[in-house]
Structure formats: structure tokens, C-alpha cells
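Overview (structure and organization)
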There are 2 protein chains.
Amino acid sequence: MDNRIRILRTSLKLSQEEVAKLCDVSRQTINAIENNKYDPTLHLAFRLADILGVKVDELFIYNKST
Amino acid sequence: MDNRIRILRTSLKLSQEEVAKLCDVSRQTINAIENNKYDPTLHLAFRLADILGVKVDELFIYNKST
DNA sequence: TAATAATGTCAAAAACTTTTTACATTTCAA
DNA sequence: TTGAAATGTAAAAAGTTTTTGACATTATTA
């Protein structure tokens, strides 16, 4: 599962820490998800998409095979 | 987080068990998510949406407040 | 009605996500 | 080039999702 967090986040000039606060999760969580270390819960995915101004389906790129 | 799993699933004439098999999770997991017992992981949300023929953003209704 | 399929639910364990604390490395502006 | 901010990473603990097995209830259909 790929994602477009970094590109959207940086184009909004937000740090991982700022996004973390807006999502009410830790900075490490944002870092891990951005770097594809594990899948977030759906709830967090929605919060992230909301903050980054896109739909969940636009933020995460699902790969049917994995 | 509300969802439209049941209505889509039944309109496809699929049982919870059949959907579970297609998603490669247990029947109890499908039942719990359908009945809003807890949020799925994003990966499962994508598998479900895919099987039910909709986008994640169409399958789950995010409520900014919760 | 009786049998069968489908759904709801529970508890314990397994698996996974997230937090916390801490430190290393990279980036960027002064 | 130095200092500060941002990012990467790790390990243990906490929290949440998912599995498994089991049984009860509700729906469906013969």
C-alpha cells in the first residue's frame, strides 16, 4: 500500500509533527505510515486524508496483489 | 464511522462468510465491522471496498467529530 | 414444522498498531 | 559552518484488531 502523504504534506508546508498533532497521533506514527511501515487504522486514514485535503482513495494507493 | 457494507453485500447476494473468504478474514471480523464494533485496518477496508465494487470513501462514512 | 443457512455474540489468544522515551542522522536557514 | 528543526529509527509497553472455537438466535426454504 503506497501513499502520497509526503508530497501532499510538504506542499502544505507541514512537518510530520504538525500533521501528527492535527491527527492527534504521535509523530512516529505519521513517520511510519508515510514510510509505509504498517497500515494505519481506517479512522486514522480518514483523519489524514481530511487534513491533507484529499479522499482516502486518493491518499493511499491500494495494490490488489499485496 | 458508519458503513454501507450490509446493503452492498446483500445486493450482491453474498453472505458474511462469503465476503470473509473473499477478503481472507474471519466471518466474525466481517460481522463486527458491518455492525460497527471497531474500525478495520486500511488494508481490509480496501479489500472490502474492492469486493463490494465501491471506493473506500463510498463504503465508509467518516464523521469528523468522532 | 423441521432442517439448514445465516447472523450475533463471547472469551481468550494472537497479531498488529500506536505511544513513549531516547538518540542518531539529515536538512536547512542564519 | 554552526545551530536548530525535521526526520529516521529502535525497543518496550499499551491499546486495538483479528482469529479461533463455540454456542445461541434469527431467517430461509424444503
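Residues numbered from 1 in each chain as written. Chains lettered and ligands numbered in written order. Predicted model: local features only at pLDDT ≥ 70, side-chain atom pairs only at ≥ 80, totals over all residues. Heavy atoms only, no water.

For the rest of this paragraph, the subject is the pattern of salt bridges. Once their charged atoms are close, side chains differing in charge can pair, the charge on each being opposite to the other. Residue and element names in this part refer to chain A. Under the defined criterion, the tally for this structure stands at 4 salt bridges over all chains. A salt bridge links Arg6 to Glu34; the shortest N-O distance between them is 2.5 Å. You can see Arg6 sitting in helix H1 (residues 5–11) and its partner Glu34 sitting in helix H3 (residues 27–34), a full 28 residues away along the chain. Put simply, Arg6, Arg9 and Glu34 are held in one network by salt bridges that share partners. (Salt bridge = Lys/Arg side-chain N within 4 Å of Asp/Glu carboxyl O. Helix = DSSP H or I, 4+ residues; strand = E, 2+ residues; numbered from the N terminus.)

Around DNA strand C sit 21 residues in total, of which A:Ser26, A:Gln28, A:Thr29, B:Gln16 and B:Asn31 are the nearest. Of all DNA strand C atoms lying within 4 Å of any protein atom, the proportion belonging to sugar or phosphate reaches 57%. Residue B:Arg6 places a side-chain N or O atom 3.1 Å away from a phosphate oxygen belonging to DNA strand C. One of the backbone N or O atoms of B:Gln16 is found 2.7 Å from a phosphate oxygen in DNA strand C. A total of 4 residues in the surface near DNA strand C trace back to one element, the largest contributor, which is H3(A). (Near = heavy atom within 4 Å. Polar contact = N/O pair within 3.5 Å; in protein donor to acceptor, adjacent residues only side chain to side chain.)

For the pair of chain copies, the relating transformation is a rotation about an axis with a translation along it. Screw-axis analysis of chain B against chain A gives a translation of 0.0 Å along the axis, an RMSD of 0.0 Å, and a rotation angle of 180 degrees. In the structure described here, the two chain copies are related by an operation that fits a two-fold rotation axis. Of the residues that chain B buries at the interface, 100% are likewise interface residues in chain A, meaning the two copies contact each other through the same surface. (Least-squares fit on C-alpha atoms with pLDDT ≥ 70 in both. Contact = heavy atoms within 4.5 Å.)

To continue, consider the nonpolar core. Core analysis: the largest hydrophobic core is formed by 35 residues, its most contacted members being A:Leu48, A:Phe60, B:Leu48 and B:Phe60. Aside from chain neighbours lying at most four places away, what touches A:Leu48 is A:Ile5, A:Val19, A:Cys23, A:Ile30, A:Ile33, A:Leu59 and A:Phe60. (Core = buried A, V, L, I, M, F, W, Y, C linked by side-chain atoms within 4.5 Å. Buried < 20%, exposed > 50% of the residue type's maximum accessible area, 1.4 Å probe, protein only.)

Taken as a whole, the largest pocket encloses approximately 160 Å³ of empty space. Every residue along the wall of the largest pocket is listed here: A:Asp57, A:Phe60, A:Ile61, A:Tyr62, B:Phe46, B:Ala49, B:Asp50, B:Val54, B:Lys55 and B:Val56. Put simply, the parts of the chain that give the lining of the largest pocket at least two residues each are strand E2 (60–61) of chain A together with helix H4 (42–52) of chain B. With 3 residues, the top contributor of residues to the lining of the largest pocket is H4(B). (1 Å grid on protein atoms, 1.4 Å probe; cavity = no way out; pocket = protein on both sides within 12 Å on 5 of 7 lines; lining within 4 Å. Points joined across faces, edges and corners; volume = space filled by probe spheres on them.)

Structurally, A:Thr29 is set in helix H3. Apart from residues lying up to four places away in sequence, A:Thr29 is in contact with A:Tyr38 and A:Leu44.

Glancing now at helix H4 (residues 42–52) of chain A. Most of H4(A) is tucked away: 8 of the 11 residues are buried. Those residues of H4(A) that fall on the buried side of the exposure criterion are A:Leu42, A:Leu44, A:Ala45, A:Phe46, A:Arg47, A:Leu48, A:Ala49 and A:Leu52.

Moving on, we get to helix H2 (residues 16–23) of chain A. An α-helix turns once every 3.6 residues. As a result, residues three or four positions apart point the same way. All names here are of chain A. Of all the positions in H2, only Gln16, Val19, Ala20 and Cys23 are classed as buried. Viewed end-on, H2 has its buried residues packed into an arc of 105 degrees, placing them on one side of the element. Exposed and oriented more than 90 degrees from the buried face of H2 are Lys21 and Leu22. Contacts made by the buried residues of H2 are with H1, H3 and H4. Downstream of H2 by a residue or two, Asp24 has a phi angle that is positive, lying close to 65 degrees. (Arc of directions from axis to C-beta.)

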